[in-house]
Amino acid sequence: MTTTATRPGARARAAIAAKTLRTDRWWLAPLITVIGLGGWVAYATVRVFMHKWYWVEDFHYLTPFYSPCITDRCVPEAAHFGTYLPGWWIIPEAAFSLPFLLLFRLTCYYYRKAYYRAFWMSPPACAVPDGHKTYGGETRFPLIFQNAHRYAFYAAGIISLINTYDAILAFHSPDGFGFGLGNVILVGNVVMLWAYTISCHSCRHIIGGRLKHFSKHPMRYRAWTFVSKLNARHMQLAWITLGTLALTDFYVMAVSAGWFSDLRFIN
Amino acid sequence: MGAKRRFKVWRGDETGGDLKDYEVEVNEGEVVLDVIHRLQATQTPDLACRWNCKAGKCGSCSMEINGTPRLGCMTRMSTFTEDETVTVTPLRTFPVIRDLVTDVSFNYEKARQTPAFAPPVGVPPGQYRMQQVDVERSQEFRKCIECFLCQNTCHVVRDHEENKRAFAGPRYFIRAAELDMHPLDAKEDRKEYAQASMGMGYCNITKCCTEVCPEHIKITDNAIIPMKERVVDRRYDPLVWLGRKIFRRDQLDGAGQAAGTPSLVGARTEGSEVEQHHGLNWHREIPPPQAAPVDETGRLPISEITADRAGGPSPFGDDQTFPLPPEGLNYAHPERD
């Protein structure tokens, strides 16, 4: 009979000195995430507290970072929903939507993976040791609030509606109807924002994932199938929307500041 | 004759060990497990390695190749450059037995704690009917070959041994999801159980389980996140609660399932005349089942090594002998009359 130990008591793991034996560039993906997310957050912070160049009077372009515009500082044409907040510099123009958008992305199942790996090092990559002594995951305060993703999703749906409204209003010129490159960018941004919002894991669950019997709900099953296809691209959409948001905002800023003029197709 | 390649293989047992260097011949089309076998055949006959099918279907040859949890039989040598040293180590998360063989009984203990399929009430075996669309989500998780690479790579237990008690691991989350999504499973509280007793809250969706799965099961997207969302349904979402209250969905679901399922119990008592005619007796006293050979923790031994008898316990009870005595059977021969 073999004498090797399989008995209780011998519970030691293999004594491997190296923390990780991975030879591929496992640090590259977290590094790109840090640079990408860090750069985007820096840009967005600067823009949000700039308090200018968010509205193009001629064409009614409004950047998503200032929508809906609800402080006293807002130009009246940009403030479709009224101005409720004082124009103190620390209050962003979009004080209603930004916190929810931040919450939506912060609790997003894709971004959680990205920042837990890249910023929190828990773990930095697969089979690379966690940077922390103890680990409680999302079992207790504050991370248990990651479960509130669904509320942020509802809010993001409403904000996407507002962004759609902004994009439609932007088909404007001093002569009435107008259409330019800015509209292409604004509409492209809204389409991608909807794709990102609808591809959300919470949406996938609400739309049909929670059902036990798909055969009893054929319409919801079809909707679930559609959302599932989008959901597989949630990571790509998360990054694409960061790109389109920054691009839209930069374009509106540049046109508003007069750095270049909008390329007009009609009027 | 193929070229010689450099290998580092971890040799040792629970008392210690280290990486040993080897130069082994590698031929075209070979996988890492082939090289391990050549090592055994030519240089290190005592190298311990667990393997079975060599086709990626048994889940035995889980090991860490260049630090990444993989199946030895599914890792082609052509994925490495010719001057690359390939490092092969045992799974880190589980106690090592010897060389590349680890004691994965943690997983069997967690498997035993996971509640089994609960048969639907009022539907006799043989009458189970499911639509393909209803069962296909569960079927994805049936592809699991139990290689335990996901359990090994999950940092919750890999880097924090103390979490092993509270955390069941990705393999058992897909089991919980499989049964929770199963159209005929009658157990209603799997979500609560997964959250309270399987430690699903420990998972922070970093998706390493999905990355290492050799069957490409979308563990995180299709099992863990849906289960987390189902927990949110029950515990954190007032809108869902309101919807259930207003539209009474909670009652609809139950009613839809129970309607139209024939009761077998009634059908049997009706035929009592036929029973007497054929010498059948459906109400014959059934001998009490024999107690299972459990240990002091009240559980069956996890493997034959720790059991006090050879072979697994009989599902019919160890005191049952076959063939059964015919007078105790309910069988009417169709041509006896």
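One numbering rule holds for all chains: residues counted from 1, following each sequence as written. Numbering of ligands from 1 and lettering of chains from A proceed in the order in which they are written. Residue-level local features of this predicted model are given only where pLDDT is at least 70; pairs of side-chain atoms are given and counted only at 80 or more, and the full residue set underlies all totals for whole chains, interfaces and linings.

**What to know about the confidence of the model for chain B**
Averaged over chain B, the pLDDT score is 85; the fraction of residues at 70 or greater is 87%. On a range of 0 to 100, pLDDT expresses the predictor's confidence in each residue. Two residues form a contact once the distance between their C-beta atoms, set from the backbone, is within 7 Å. Across residues 253-271 of chain B, where pLDDT falls below 50, the model places seven contacts with residues more than four positions away in sequence or in other chains.

**Digging into the interface of chain A and chain B**
Residue-level contacts link 46 residues of chain A with 51 residues of chain B. Only runs of H or I of at least four residues qualify as helices and only runs of E of at least two qualify as strands under DSSP, and these elements are numbered from the N terminus. Contributing elements (two or more residues each) for the side of chain A that touches chain B: α3 (109-118), α6 (201-209) and α7 (218-231) of chain A. At five residues, α3 of chain A tops the list of elements feeding residues into the side of chain A that touches chain B.

**Focus: the environment of Arg25 of chain A**
Residues and elements named next belong to chain A. Mapped onto the secondary structure, Arg25 falls in the segment before α1 (28-48). Judged by the 9 C-beta atoms lying within 10 Å of it, Arg25 falls in the exposed class. Spatially, the C-alpha atoms of Arg25 and Gly36 are 18 Å apart, while their sequence positions differ by eleven residues. Residues are called buried when their C-beta atom has 20 or more other C-beta atoms within 10 Å, exposed when it has 12 or fewer, and partly exposed otherwise; all C-beta atoms are positioned from the backbone.

**Some points on the domain arrangement of chain B**
Residue and element names in this part refer to chain B. For the domain bounds, the source is a domain assignment made automatically or taken from a database. Domains assigned within chain B are domain 1 (3-101) and domain 2 (105-253). In this structure, domain 1 and domain 2 have C-alpha centres spaced 32 Å apart. Counting from both sides, the interface comprises twelve residues of domain 1 and, opposite them, 13 residues of domain 2. Here the residues of the side of domain 1 that touches domain 2 are counted per class, giving six nonpolar, four polar and two charged. Each residue is assigned to one class: nonpolar for Ala, Val, Leu, Ile, Met, Phe, Trp, Tyr, Cys and Pro, charged for Asp, Glu, Lys and Arg, and polar for all the others, Gly among them.

**Topic: the nonpolar core**
Each nonpolar core comprises buried Ala, Val, Leu, Ile, Met, Phe, Trp, Tyr and Cys residues, the members being joined through C-beta atoms within 7 Å. Membership of the largest hydrophobic core comes to 90 residues, with the highest contact counts inside it found for Val88, Phe173 and Met227 of chain B. At seven residues, the largest contribution of residues to this core is made by helix α9 (residues 219-235) of chain B. Setting aside its immediate chain neighbours within four residues, Met227 of chain B contacts Phe173, Ala176, Ala177, Asp180, Lys191, Ala194 and Met200 of chain B. Core analysis: the next-biggest nonpolar cluster, separate from the first, contains 26 residues, Leu62, Ala167, Leu193 and Tyr196 of chain A among them.

**Describing the UniProt feature "transmembrane region" (unreviewed entry) in chain A**
Residues and elements named next belong to chain A. Taking the numbering used here, the UniProt-annotated feature "transmembrane region" (unreviewed entry) corresponds to residues 26-46, 89-111, 151-171, 177-196 and 237-260. Helix makes up 90% of residues 151-171 and strand 0%. Its end C-alpha atoms lie 32 Å apart. Taken end to end, residues 177-196 comprises 80% helix and 10% strand; its first and last C-alpha atoms sit 29 Å apart. UniProt positions are given in the numbering used here, feature names are shortened, and annotations may be inferred rather than shown by experiment.

**Remarks on the packing of helix α4 (residues 149-169) of chain A against helix α5 (residues 181-198) of chain A**
All names here are of chain A. Lines fitted to C-alpha atoms define the axes here, with helix axes fitted over just the stretch in contact, and angles between the N-to-C directions of these axes take values from 0 to 180 degrees. Contact pair α4 / α5: the axes reach a minimum separation of 9 Å and the direction vectors enclose 165°. For the element pair α4 / α5, the angle class is roughly antiparallel. As α4 packs across α5, the resulting crossing turns out to be left-handed. For the pair α4 and α5, the contacting residues are Ala156, Gly157, Ser160, Asn163, Thr164 and Ala167 in the first and Leu186, Val187, Val190, Leu193, Trp194 and Thr197 in the second. In this scheme, roughly parallel covers angles under 35 degrees and roughly antiparallel covers those over 145, while 65 to 115 is roughly perpendicular and the rest are oblique. Left-handed describes a crossing in which the near helix is turned anticlockwise from the far one by less than a right angle; the clockwise case is right-handed.

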